[in-house]
Amino acid sequence: MAMAVREQVNGVRVGVRYAVADHTGDIGGDWYLTTPLPSGDVMLAVGDVMGHGRAAAATMVQLRAAMTRLALAGDEPGAILAALNRMLCRRPSTTLATAVCGRFRPADHSLTWSRAGHLPILRASATGVSALAQPSGMALGVDPAARYATARVVVDPGDLLLMYTDGVVEQRDQAIDQGVQHLADDVRLAMRGSAPGERLRTALDIARRGNPDDDACLLAAEPV
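This report concerns the structure included in the present document.

Criteria and cut-off values
- Residues numbered from 1 in each chain as written.
- Predicted model: local features only at pLDDT ≥ 70, side-chain atom pairs only at ≥ 80, totals over all residues.
- Heavy atoms only, no water.
- Pairing = 2+ DSSP bridges.
- Helix = DSSP H or I, 4+ residues; strand = E, 2+ residues; numbered from the N terminus.
- Axes fitted to C-alpha atoms, helices over the stretch in contact; angles between N-to-C directions.
- Contact = heavy atoms within 4.5 Å.
- Buried < 20%, exposed > 50% of the residue type's maximum accessible area, 1.4 Å probe, protein only.
- Polar contact = N/O pair within 3.5 Å; in protein donor to acceptor, adjacent residues only side chain to side chain.
- Salt bridge = Lys/Arg side-chain N within 4 Å of Asp/Glu carboxyl O.

## A short note on the sheet that holds strand 6 (residues 110–116)
Next up, step 1: Strand order in the open sheet made by the five strands is 3-4-5-6-9, with antiparallel pairing throughout. Each edge of the sheet is formed by a strand with only one pairing partner; in this case those strands are strand 3 (30–36) and strand 9 (151–154). Each adjacent strand pair in this sheet contributes to an overall mean axis angle of 15 degrees, direction not counted.
Next up, step 2: Relative to strand 4 (residues 42–49), strand 3 runs antiparallel, the two sharing seven bridges. Residue pairing across strands places Tyr32 opposite Val46, the latter belonging to strand 4.
Next up, step 3: Seen against the sheet, helix 1 (residues 54–72) touches strand 3, strand 4 and strand 5 (97–105) and runs at an angle of roughly 20 degrees to strand 3.

## Remarks on the pairing of strand 10 (residues 160–164)
In the case of a regular strand, side chains alternate between the two sheet surfaces.
Next up, step 1: Burial analysis of strand 10 places five of its five residues in the buried class, which makes it a mostly covered element.
Next up, step 2: Two elements, strand 7 (residues 122–125) and strand 10, share three bridges in a ladder whose sense is antiparallel. Bridge pairing links Leu122 to Leu162 in strand 10.
Next up, step 3: Sheet topology note: the strand 10/strand 11 (residues 216–223) ladder contains four bridges and is antiparallel. Paired with Leu162 across the strands is Ala220, a residue of strand 11.

## Some details on the side chain of Asp41
Next up, step 1: If you trace the backbone, Asp41 turns up in the loop between strand 3 and strand 4.
Next up, step 2: Within the local environment of Asp41, its side chain forms a polar contact with the side chain of Arg103, the two groups lying 3.4 Å apart.
Next up, step 3: A polar contact is formed between the side chain of Asp41 and the side chain of Arg105, at a distance of 3.4 Å.

## Overview of the pattern of salt bridges
Next up, step 1: The tally for this structure, following the rule as stated, stands at 12 salt bridges.
Next up, step 2: The partner of Glu222 in a salt bridge is Arg13, and the shortest N-O contact between them spans 2.7 Å. In this pair, Glu222 sits in strand 11 while Arg13 sits in strand 2 (residues 12–19), placing the two residues 209 residues apart along the sequence.
Next up, step 3: For Glu222, a relative accessible area of 5% puts it in the buried group.
Next up, step 4: Overall, Arg13 belongs to the partly exposed group, its relative accessible area being 27%.
Next up, step 5: Between Arg103 and Glu76 there is a salt bridge; the shortest N-O distance is 3.6 Å.

## A look at the environment of Gly78
Next up, step 1: Within the secondary structure, Gly78 is located in helix 2 (residues 77–89).
Next up, step 2: With relative accessibility at 9%, the residue Gly78 sits in the buried group.
Next up, step 3: Note: C-alpha distance between Gly78 and Val42 (36 residues apart in sequence) is 15 Å.
Next up, step 4: With residues near it in sequence (within four places) discarded, Gly78 still touches Ser114, Tyr148 and Thr150.

If you want it as structure tokens, here you go:
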């Protein structure tokens, strides 16, 4: 994958790899957030507008800005997704998107998160990689009355969380679940073969991009 960003936000080390399918504008329909909140928490999110190119990118910018504004105002993940869903449903033409967003609280190492038709968050540790149990929530832009459940998990020291779009794991010749498993296998190798401070960087570096014809975004985060 292409562009890489690494930073530390409110006691959380985060890294992102991002690639676009349409290189003419160098921007796509996938987005991510690593936003420090006034409370000392961190909003972590990844989203994917269906399609790519300028139309998807324009919608992406609007959704990302709205998500940032709502997170800074103190809204919880489920309420944020419900607001984004209503925004898309008010459009005269059908626009669909998926997203996952979570509020990480460094004070107790807890992640409170919701999803809108998106792929599961992966949690990696020295002993293995598994998907977090998924709260219910349909894709954005389908039903204005949709509700988005919330889940909570404690992230142990040394654990790594991964959020990603389907361009990271989707391939034409295999089920998307297989692509998620391939990503988990890559991350498992990174966790086993790297020093604790290098696991995030190694996981981002070795993760394969599934579909070069789709935008792709992979976000990794770990408590410091």
